[in-house]
Amino acid sequence: MAGCERLVYLLDYKTEKYIRVSNRAIGFSYRLFQLAIIGYIIWWVFLVKKGYQDTDLSIQSSVMSKVKGVSVTNTTGTDVQVWGPEDYVIPPQGGAVVFVTTSFTAMPNQKQGYCAESPRVPSGQCRRDEDCKEGKMVEAGNGIKSGRCVSKDANSTGTCEILGWCPIENHSKSHKPMLTNAENFTIYIKNFIHFPKFRFSKSNVLETTDESYLKNCRYNKERHPYCPIFYLGDITKKAGYNFQNMATLGGSISIKIEWDCDLDKDYCHPQYHFDRLDSFASNNSTATGYNFRYARYFKNATGESYQTLYKVYGIRFYIQVYGKAGKFSILPTAVNTGAALALMGAGSFFFDILLLYFTKEKNLYRDMKYESSTHPRFAAPEAVLAQ
């Protein structure tokens with residue numbers, strides 16, 4: 001019998017009953033809640049976050065870069081040397097990552113032969129010839145051991161003789177920028193983007209028929225936002241650092257190109273942001289700066305091969321592109337509108353709970369809200385079971 005009673009209850013239908021309650025505290029709070037929800041939906045969801053738009057985050061990008069400028073150096077061993085982009089830009093063809101040399105140390109006229117390993121290399125130190133096994137490579141060193149321990153006396157540690165480029169590098173550090181006017185070099189950054197969902201493409205270069213525009217313009221956020229040519233000194237300044245201070249030991253800077261495109265308003269402009277990536281390293285840290293080595297080879301009149309070894313310091317520019325595009329679509333508009341209505345319904349449920357369970361007149365409100373129909377056509381479950 002109890003099972004049949006529960007089955008009958010499953011066939012009941014409940015409908016809402018609206019009661020106008022003169023409770024100013026509840027009424028004021030409910031209206032305030034409604035205004036907050038409406039304000040949130042209109043201002044934040046639709047105006048700020050543009051919830052009426054479909055978005056495309058899968059930006060496709062191509063970056064090409066070109067550095068221009070000339071500098072002159074006059075150092076011991078290399079004499080007067082003119083540096084053009086083909087000398088100080090690595091890689092010279094340009095791309096999303098480009099290194100600009102600002103300082104260097106040189107070890108000229110190295111020739112392959114036998115010489116003592118640097119005493120600064122731990123695996124190259126020795127006390128007797130047996131410590132320098134012939135043919136073994138010196139770990140983190142400059143050549144292959146010959147089997148002899150040189151530069152030693154009875155009371156000190158010597159170094160192994162090696163076969164390599166001699167004389168070996170002196171491991172000196174850069175103490176000042178060598179390409180002193182490098183902050184006036186310019187970098188031309190050409191960026192093409194494409195949003196496949198909307199089949200929309202654009203470039204950060206001004207569309208103009210004036211062929212002299214790119215020769216004369218320099219980037220300025222207000223006056224020339226579509227001039228993609230920057231002074232290196234301005235880039236480091238916008239990143240919060242002095243170029244000459246960075247130029248001594250080098251560093252790494254991120255150039256971020258942000259595209260935030262509203263295709264409903266035909267608004268799609270590049271925004272540039274600059275940050276130093278190695279700023280975590282203190283001035284006394286071994287991680288400070290950026291450097292690497294390369295060599296230039298030549299032969300003398302008799303055909304002997306020589307090299308000049310360069311340890312170059314400079315600034316590594318890393319160009320990043322990101323962004324999104326938005327355009328009106330009925331689907332996100334309907335979803336966000338439905339979410340707003342759901343929030344309004346959740347508010348009604350919450351204030352019903354307050355009214356029915358946390359006010360002084362809760363029993364009265366509960367009796368008024370919940371009642372069973374006594375109409376003969378809607379008999380109570382007990383009457384049905386009695387029949």
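Here the structure is shown first, and the text comes after it.
Here the structure is a predicted model, which means the values were calculated and not measured.

Asks: Explain helix α2 (residues 24-48) here, please?
Replies: The α-helix winds at 3.6 residues per turn, so residues separated by three or four positions along the chain end up facing the same way. Taking 1.5 Å per residue as the helical rise, α2 with its 25 residues ought to reach 36 Å, and the 33 Å between its terminal C-alpha atoms agrees with that figure. At Y40, α2 shows its maximal bend, which comes to roughly 25 degrees. Those residues of α2 lying buried are I26, Q34, I37, I41, V45 and F46. Contacts from the buried residues of α2 go to α7 (330-357).

Asks: Would you mind showing me how to read empty space enclosed by the protein here?
Replies: Gaps between atoms show up when a probe of the same size as a water molecule is rolled over them. Taken as a whole and assessed by the stated rule, the structure comprises 2 cavities of 30 Å³ or more. One number sums up the size of the largest cavity: a volume of about 50 Å³. Lining the largest cavity we find T105, A106, M107, E169, N170, S172, L309, Y310 and K311. Of all the elements in the fold, those that place two or more residues in the lining of the largest cavity are β6 (97-116) and β16 (305-328). In terms of residue class, the lining of the largest cavity is made up of 4 nonpolar, 3 polar and 2 charged. A volume near 30 Å³ is recorded for the second largest cavity.

Asks: In this structure, what is going on with unusual backbone geometry? I would like to understand it.
Replies: Both trends apply: most residues other than glycine have a negative phi, and most peptide bonds are in trans. At the junction of I90 and P91, the peptide bond is cis and its omega measures out at -5 degrees in the coordinates. Residue position: P91 is located in the loop between β5 (89-90) and β6. Of note, the phi angle at N109 is positive, near 55 degrees, even though the residue is not glycine. The residue N109 is located in strand β6 in this model. Take N109: its relative accessible area is 47%, and that puts it in the partly exposed class. We note that R199 has phi near 55 degrees; this positive angle belongs to a residue other than glycine. With respect to the helices and strands, the residue R199 is situated in the loop between β10 (186-195) and β11 (200-203).

Asks: Even after reading the chapter, I still don't get the side chain of E117, so can you show me in this structure?
Replies: With respect to the helices and strands, the residue E117 is situated in the loop between β6 and β7 (125-126). K145 provides the closest opposite charge to the buried, salt-bridge-free E117, at an N-O distance of 8.5 Å. In contact with E117, other than residues within four places in its own chain, are G124, V138, G141, N142, G143, T159, C160, I162 and I168.

Asks: Help me understand the pattern of salt bridges, please; the structure alone is not making it clear to me.
Replies: A side chain of one charge can pair with a side chain of the opposite charge if their charged atoms are brought near each other. Across all of its chains, the model carries 10 salt bridges by this definition. Measuring nitrogen to oxygen at the nearest pair gives 3.0 Å for the salt bridge that ties E161 to R148. In this pair, E161 is assigned in strand β9 (residues 158-166) and R148 in strand β8 (residues 143-150), connecting sequence segments 13 residues apart.

About the criteria used
Residues numbered from 1 in each chain as written. Predicted model: local features only at pLDDT ≥ 70, side-chain atom pairs only at ≥ 80, totals over all residues. Heavy atoms only, no water. Helix = DSSP H or I, 4+ residues; strand = E, 2+ residues; numbered from the N terminus. Expected span 1.5 Å × (residues − 1). Bend = angle between axes of the 7 residues up to and from the residue. Buried < 20%, exposed > 50% of the residue type's maximum accessible area, 1.4 Å probe, protein only. Contact = heavy atoms within 4.5 Å. 1 Å grid on protein atoms, 1.4 Å probe; cavity = no way out; pocket = protein on both sides within 12 Å on 5 of 7 lines; lining within 4 Å. Points joined across faces, edges and corners; volume = space filled by probe spheres on them. Nonpolar A, V, L, I, M, F, W, Y, C, P; charged D, E, K, R; others polar. Lys, Arg positive; Asp, Glu negative; His and termini not counted. Salt bridge = Lys/Arg side-chain N within 4 Å of Asp/Glu carboxyl O.

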